[in-house]
Amino acid sequence: MQKKKAWVLWLINLFLFGGFVWNISQQSVWIAKLDNQSSNFFNSLIEPSLTHFFIIIARLFTPLLVLIYTAAITEFLKKFILRCYWFDLLSGYLIMELLKVIIKRPRPANSLVHATGFSFPSAHVFEITLVIVTSHTILKSLRISERKKVIVQIILFLIWFLVALSRLYLQVHYFSDVIGGVWLAIIWGTLINLIFRK
């Protein structure tokens, strides 16, 4: 019964995300207003030292590097379930890239650094969010103390926060791109957990 309820919630979430994507593709006024307010806020914070800091964060946690970090950790730990986790991230990344190509949303014109490709959803935010969503399930299966699990989750959340902030501060994504990255990662991670995990 609980699994059935989880599937229903997942389908509702997918439907709502579809509505959000449709609003993005139609350039809805409320999305534009949300994105403009976010852009104005981050414009007011621009300072060279912050810009340098967020460039470093963005370079340390590119989607490709997150995949490489994950592959290295899974190989080091030699856990089959962790190797499946790497597949979750890779397959999710491919789904996210497909959505980018379908939507074809251009990046903000006023970005502080050069970024290529389409804007929606944010790949950086998608990948690190997917790490958090799937790691929650993975951590349950590992034989480490609860304290260590909490520490890992806190570190992942701080990385997620800095990565999301870097995308907005550097203005390489709209606020709605970041929301889309988080939302899609939750949908994909939940689907993987519903299908392959107990």
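Quantities reported herein were computed from a predicted structural model and do not represent experimental measurements.

Colleague: Where do I start with helix α7 (residues 146–169) in this structure?
Modeller: Within an α-helix, residues lying three or four positions from one another point in the same direction, as the helix has 3.6 residues per turn. Across its 24 residues, α7 extends 34 Å between first and last C-alpha, which sits within 8% of the 34 Å expected from 1.5 Å per residue. Looking only at α7, the buried set comprises Lys-149, Leu-156, Ile-159, Trp-160, Val-163, Ala-164, Ser-166, Arg-167, Leu-168 and Tyr-169. On its buried face, α7 sits against α2 (29–43), α3 (48–60), α6 (123–141) and α8 (175–196). A positive backbone phi angle near 55° is found at Gln-171, which sits one or two residues after α7.

Colleague: Sorry, what's going on with the confidence of the model for the protein here?
Modeller: In low-pLDDT segments, the atomic positions of the prediction should not be examined closely. For the protein, the average pLDDT comes to 87, and 93% of its residues sit at 70 or higher. Mean pLDDT across the secondary structure elements of the protein bottoms out at helix α4 (residues 63–77), with 76, and peaks at α2, with 94.

Colleague: Can you walk me through the packing of helix α1 (residues 2–25) against α8 in this structure?
Modeller: The geometry of a pair of packed helices is captured by two quantities: the angle between their axes and the separation between those axes. The interhelical angle for the contact between α1 and α8, taken along N-to-C directions, is 155°, at an axis separation of 10 Å. Classified by the interaxial angle, the pair formed by α1 and α8 is roughly antiparallel. Judged by the twist between their axes, the crossing of α1 over α8 is left-handed. Facing α1, whose interface residues are Lys-3, Ala-6, Trp-7, Trp-10, Asn-13, Leu-14, Leu-16, Phe-17, Phe-20 and Ile-24, α8 presents Ser-176, Ile-179, Gly-180, Trp-183, Leu-184, Ile-186, Ile-187, Thr-190, Leu-191, Leu-194 and Ile-195. Taken together, the residues of the contact of α1 with α8 sort by class into 16 nonpolar, four polar and one charged.

Colleague: Help me out: how do you make sense of unusual backbone geometry in this one?
Modeller: Leave glycine aside and you will find that most residues have negative phi; peptide bonds, for their part, are mostly trans. With an omega of -10°, the peptide bond running from Phe-120 to Pro-121 counts as cis. Relative to the helices and strands, Pro-121 is located in the loop between α5 (80–103) and α6. Unusually for a residue other than glycine, Lys-104 sits at a positive phi of about 55°. For Gln-171, which is not glycine, the phi dihedral falls at a positive 55°. Structurally, the position occupied by Gln-171 is in the loop between α7 and α8. What makes Gln-171 buried here is its relative accessible area of 3%.

Colleague: Mind showing me how you'd approach the packing of aromatic side chains here?
Modeller: The final tally for this structure, using the stated rule, is ten aromatic pairs. Plain terms: the ring middles of Phe-20 and Trp-30 are 6.3 Å apart, the flat faces sit at 55° to each other, and that makes the pair tilted. Placement of Phe-20 in helix α1 and of Trp-30 in helix α2 is noted, with a sequence separation of ten residues between them. A relative accessible area of 6% means that Phe-20 is categorised as buried.

What counts, and where the lines are drawn
Residues numbered from 1 in each chain as written. Predicted model: local features only at pLDDT ≥ 70, side-chain atom pairs only at ≥ 80, totals over all residues. Heavy atoms only, no water. Helix = DSSP H or I, 4+ residues; strand = E, 2+ residues; numbered from the N terminus. Expected span 1.5 Å × (residues − 1). Buried < 20%, exposed > 50% of the residue type's maximum accessible area, 1.4 Å probe, protein only. Contact = heavy atoms within 4.5 Å. pLDDT = per-residue confidence, 0-100. Axes fitted to C-alpha atoms, helices over the stretch in contact; angles between N-to-C directions. Parallel < 35°, antiparallel > 145°, perpendicular 65-115°, else oblique. Left-handed = near helix turned anticlockwise from the far one by under 90°. Nonpolar A, V, L, I, M, F, W, Y, C, P; charged D, E, K, R; others polar. Phe/Tyr/Trp six-rings, centres within 6.5 Å; stacked < 30°, edge-to-face > 60°.

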